[in-house]
Amino acid sequence: MRRRPTPWLPTLLVLAALGGAGAWWLATPEPVPVAAEPAAAPPAAVPSPEPAPAAQPGGVASGGPDGSDYERCMGLAMVDPPLAHAEAQGWIAAGGGDAARHCAATALIQLGELEPAAEMIEALGRDAFAPADARAALLAQASELWLSVGRPDRAHAAATMGLAARPDDPELLADRAIASASQGRFDEAVEDLSRVVDLRPDRAEALVLRASAWRQAGQPALAEDDLARALALDPANPEALLERGLLRRDQRDLGAARADWEAAIRTAPDSAAAALAREHLAANEDG
């Protein structure tokens, strides 16, 4: 595994996932205490309903975690993140709670402020009053963000917290494995990835990741076996072709390595794997 952010876990995956993982506050109503009804109580007058908090012009309402407020803020984060962030901050100050903080973090991601976004999302996953699955999903997002900014230590910690809530989550296991390998802890990476392979035996990506860990741990035969399995599942998998090229390069078979990298580029020319394949072709063109 490379010490740069892995090409098949881009930040865009985090953006795509942000909308659903944090919306527990829309689906879980807060418990309402029920008071005992006094015996023979005289009929009480029915109070007039209080008006809902009004939204400021161009802003979100200042009341509780209303679904329309959250959806509007998240939509605004996609098209005008500076405005969304400013409005989310105001919403937080007005008591918007976890919904407002999640929208603020989404706006930060769109602005490229990934480290403060990771801090906010990790805090939500750690501290929010939410079901275990929602906390685990948020911590998975935080882990991927920490990986994308080159903080494998924080990514490992976030994934470990998430696994405490959801122990057999393959995404969290894979994220923690990437973080471990990025710190040279290949045995730990293999252990987590082996659990992913057991949970998802038909998932080529986990086999490619484990092959990368095996290769860098000095176990080329095991790496080759995992890549053969991955390519049997998905013969055109560009990450598997990229990784097999690296394995063949390490074995000083530069002709075969170039063939794999060229195949990765043909298969998915606009992918991150293809971009890395081009880099390796250029670096080894005199080999």
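Residues numbered from 1 in each chain as written. Predicted model: local features only at pLDDT ≥ 70, side-chain atom pairs only at ≥ 80, totals over all residues. Heavy atoms only, no water.

A few points about the overall build of the protein chain
Working step 1: Assigned secondary structure in the protein chain consists of 15 helices and zero strands.
Working step 2: Out of the 287 residues in the protein chain, the part that is buried amounts to 47%.
Working step 3: Counting only contacts in the protein chain whose residues sit at least 6 apart along the sequence, the fraction spanning at least 24 positions is 57%. (Helix = DSSP H or I, 4+ residues; strand = E, 2+ residues; numbered from the N terminus. Buried < 20%, exposed > 50% of the residue type's maximum accessible area, 1.4 Å probe, protein only. Contact = heavy atoms within 4.5 Å.)

Description of the state of the cysteines
Working step 1: Enumeration according to the criterion identifies one disulfide in this entry.
Working step 2: Paired by a disulfide, Cys73 and Cys103 hold their sulfur atoms 2.0 Å apart. An S-S torsion of about -95° defines the bridge between Cys73 and Cys103 as left-handed. Here Cys103 lies in helix α5 (residues 97–110) and Cys73 lies in helix α3 (residues 67–79), a separation of 30 residues in the sequence.
Working step 3: A residue is classified by how much of its surface remains accessible, and Cys73, at 0% relative accessible area, is buried. (Disulfide = S-S within 2.5 Å.)

Regarding the pattern of salt bridges
Working step 1: All chains considered together, the criterion is met by 20 salt bridges.
Working step 2: A salt bridge links Asp250 to Arg215, with the shortest nitrogen-to-oxygen separation between them at 3.2 Å. Remark: Arg215 occurs in helix α11 (residues 204–216) and Asp250 occurs in helix α13 (residues 238–250); sequence separation between them is 35 residues.
Working step 3: Classification of Arg215 by relative accessible area gives buried; the value is 13%.
Working step 4: The residue Arg244 makes a salt bridge to Asp260 at a minimum N-O spacing of 2.8 Å. Pair noted here: Arg244 is in helix α13 and Asp260 is in helix α14 (residues 254–267), with a separation of 16 residues, a long-range link. (Salt bridge = Lys/Arg side-chain N within 4 Å of Asp/Glu carboxyl O.)

Here's the deal with the side chain of Asn284
Working step 1: Along the chain, Asn284 falls in the segment after α15 (272–283).
Working step 2: By relative accessible area, which is 15% here, Asn284 ends up buried.
Working step 3: One polar contact links the side chain of Asn284 to the main-chain carbonyl oxygen of His280, over a distance of 2.8 Å.
Working step 4: Discounting residues that sit within four places of it in the chain, Asn284 has contacts with Arg249, Leu254, Arg258 and Trp261. (Polar contact = N/O pair within 3.5 Å; in protein donor to acceptor, adjacent residues only side chain to side chain.)

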